Amino acid sequence: MTHDQVLEASLGYFIHPLVGVLFSMLIFKEKLRPMQTIAVLLAFIAVGIQIVWMGGLPWVSMLLPLSWGFYGVIQRQTPFDALDGLFLETALLVPVSLIWLQFAHVASSSMAFWASSEIWLLMLAGPVTLVPLLLYNMSTKLVQFNTLSFLNYLTPSLIFLLAIFYYHEPFDTKRLLVFSLIWVGLLIFSVDMFKNKKGV
């Protein structure tokens, strides 16, 4: 948000379902229906256009889908339930976070911050991020991985709208074509998903 890369982040989240579907085919051997295949091909074309016209994909656009894709794969294969798995993840990150706070020059690394009224905002960030992550962890074991992946289009849609209408980032016809192809693919995938609810 602070580096004018909101659109790149949005594109990364749009590519995330594509990466998830690719993982579902390669790792979990899930098969795509014809309409789903068309949707994925449109997303691939959009990514190809992005690479050719813009000289490559921004690192933000690739790091986001790859990290979330691997995270979903790990969650699906772990023997822990959603709550236990999330507790383990948090416990492993505590020492890393403490080391980062020690050397990072941010407001939360100051002891004065922890005694201020703003600490309540930081505490509120806990459930705001925890509840969606917990629900995501639960869903990895309840539905097909390719379906779960394509449901993630809600996040980039909101990020995209924020980038254009709130942060006023530039949006040219090339980016419009890339995003439009992905949107069409997502629409086709969504229609197919609702037509085949029993297979979800």
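Residues numbered from 1 in each chain as written. Predicted model: local features only at pLDDT ≥ 70, side-chain atom pairs only at ≥ 80, totals over all residues. Heavy atoms only, no water.

Once that is clear, we can look at the overall build of the chain. Each helix and strand in the chain was counted, giving nine helices and zero strands. Along the chain, from the amino end to the carboxyl end, the secondary structure elements read α-α-α-α-α-α-α-α-α. In the chain, which comprises 200 residues, the proportion classed as buried is 36%. At a minimum sequence separation of 6, the contacts of the chain that also span at least 24 residues come to 82%. (Helix = DSSP H or I, 4+ residues; strand = E, 2+ residues; numbered from the N terminus. Buried < 20%, exposed > 50% of the residue type's maximum accessible area, 1.4 Å probe, protein only. Contact = heavy atoms within 4.5 Å.)

As a further point, take the packing of aromatic side chains. What the rule picks out here adds up to two aromatic pairs. Between F23 and F70, the ring centres sit 4.9 Å apart and the planes meet at 45°, which makes this aromatic pair tilted. In this pair, F23 is assigned in helix 1 (residues 6–26) and F70 in helix 3 (residues 59–77), connecting sequence segments 47 residues apart. On the accessibility criterion, F23 (10% relative accessible area) is buried. (Phe/Tyr/Trp six-rings, centres within 6.5 Å; stacked < 30°, edge-to-face > 60°.)

On to the UniProt feature "transmembrane region" (unreviewed entry) in the chain, then. Mapped onto the present numbering, the UniProt feature "transmembrane region" (unreviewed entry) falls at residues 6–28, 35–53, 86–107, 119–138, 150–168 and 174–194. Span residues 35–53 is 100% helix and 0% strand, its end C-alpha atoms 27 Å apart. (UniProt positions renumbered as here; feature names shortened; annotations may be inferred.)

Right, let's talk about the environment of Q77 for a bit. Looking at the element boundaries, Q77 is found in helix 3. Since its relative accessible area comes to 53%, Q77 is described here as exposed. Taking the C-alpha atoms as reference points, Q77 and K141, 64 residues apart in sequence, are found 8.5 Å from one another.

Residues spaced three or four apart along an α-helix point in a common direction, a consequence of the helix completing one turn every 3.6 residues. Here helix 4 (residues 82–103) contains 22 residues, and its C-alpha end-to-end distance of 32 Å stays within 8% of the 32 Å for a straight helix at 1.5 Å per residue. The largest bend in helix 4 comes to about 35°, at V94, with the proline P95 one to four residues further on. Taken together, the buried positions of helix 4 are A82, G85 and L86. (Expected span 1.5 Å × (residues − 1). Bend = angle between axes of the 7 residues up to and from the residue.)

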